[in-house]
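An overview of the molecular structure
So the chains spell out like this:
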Amino acid sequence: MHFIIFLLVTSIQTWNIVGDGNSDCIYDNSYGLPDKYTASGILAFGDSMLDTGNNLYIPLTPLKSNFWPYGVDFTVTYPSGRFSNGKILPDFLATYLGVCPQTGIILPHLSPNIKSLNILDGLSFASAGTGYDILTTTLKSSISLEDQIKKLEDFNVTMTKAYGATTRESFYIKAIAFVSAGTEDIINYFPTSSRSVQYNINAYTDLLAQTSFNFVKNLFDKGVRRIGVFGVQSTL
């Protein structure tokens, strides 16, 4: 069993990302990456750090970025659903890793604007408010990691129907999945959460670590071989 998992440690507290979301994508190999380090597509899972707009299509969740100033540097008409003034990580990773998506951005999988060509770029399955702990996700009415995996299964079926099994297998040879979760879990643990009664902090972080491991294994079982897991962000 051969696959790559790499930990991306982050301490991002504010976003100042500008992008116009146009379709004139140019592969920006500023870092001179060898071909073996580029990607065929981006698959994003987890929380708001990688959610490119899925929460806009979830009626019950209060976590939406559909108002000013979100998207102020992204489009002149309306926020994109990203928790940012412009593009976010999946969009930039797609550009810098050579994906160069058809739309210039990575679309959310719930978007009604997805066309068959878009799936070859990859999609974001992430949902703001999601955690490794299912209770965290339930409290925010977000898309759970389990359901995000199910959406990946649908993605595989769609790609196979549209392009065939050979194209799907080729896609996964170089596609990279990114996972960001855990911050919401830690935030929810400390105030008055029932989890702080059930688990001490060491036991709770063990629970999160085990759930993270299981999620990565599920990605592998669905065909993903290159996986980047972001560390929990600072909440201060």
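See the structure above.
Overview of the structure. Everything numeric here is computed off the predicted structure, so don't read it as measured data. (Residues numbered from 1 in each chain as written. Predicted model: local features only at pLDDT ≥ 70, side-chain atom pairs only at ≥ 80, totals over all residues. Heavy atoms only, no water.)

Re unusual backbone geometry
We apply this condition: Secondary structure is summarised from DSSP: a helix means a run of H or I of at least four residues, a strand means a run of E of at least two, and numbering begins at the N terminus for each.
At the junction of tryptophan 68 and proline 69, the peptide bond is cis and its omega measures out at 10 degrees in the coordinates. By secondary structure assignment, the location of proline 69 is in the loop between strand E2 (42–46) and helix H1 (89–96). Here the phi dihedral of serine 141 falls at roughly 55 degrees; this positive angle occurs in a residue that is not glycine. Secondary-structure assignment places serine 141 in the loop between helix H2 (134–140) and helix H3 (145–163).

Side note on the side chain of threonine 136
In plain terms, the rule: Partly exposed residues are those whose accessible area sits between 20% and 50% of the maximum for their type, while under 20% is buried and over 50% is exposed, using a 1.4 Å probe and protein chains only. What makes two residues a contact is simply this: any of their non-hydrogen atoms within 4.5 Å.
Following the sequence through the fold, threonine 136 ends up in helix H2. Assessed through its relative accessible area of 2%, threonine 136 is described here as buried. When sequence neighbours within four positions are dropped, the list of residues in contact with threonine 136 reads Gly129, Gly131, Glu184, Asp185, Asn188 and Tyr204.

A short note on the packing of aromatic side chains
Keep this limit in mind: Pairs were defined over the aromatic rings of Phe, Tyr and Trp, the Trp ring being its six-membered one, requiring ring centres within 6.5 Å. Orientation was assigned from the angle between planes: stacked under 30 degrees, edge-to-face over 60, tilted for the rest. Cation placement over rings: the criterion is NZ of Lys or CZ of Arg within 6 Å of the ring centroid and within 35° of the ring normal.
A complete count under the given rule lists 11 aromatic pairs for this structure. Ring geometry for phenylalanine 45 versus phenylalanine 215: centroids 5.7 Å apart, planes at 70 degrees, classification edge-to-face. Within this pair, whereas phenylalanine 45 is found in strand E2, its partner phenylalanine 215 is found in helix H7 (residues 201–221), the two being separated by 170 residues in sequence. Given a relative accessible area of 0%, phenylalanine 45 falls into the buried group. Measuring from centroid to centroid gives 5.9 Å for phenylalanine 155 and phenylalanine 171, while their planes differ by 55 degrees, and the two rings are tilted. Taken as a pair, phenylalanine 155 in helix H3 and phenylalanine 171 in helix H4 (residues 165–174) lie far apart in primary sequence, 16 residues in all. Under the relative-accessibility criterion, phenylalanine 155 is labelled buried at 4%. Following the ring pairs from residue to residue traces out a cluster consisting of Phe45, Phe125, Phe155, Phe171, Tyr172 and Phe215. For the cation-ring pair, arginine 225 lies above phenylalanine 220, with the distance from its terminal atom to the ring centre recorded as 3.7 Å.

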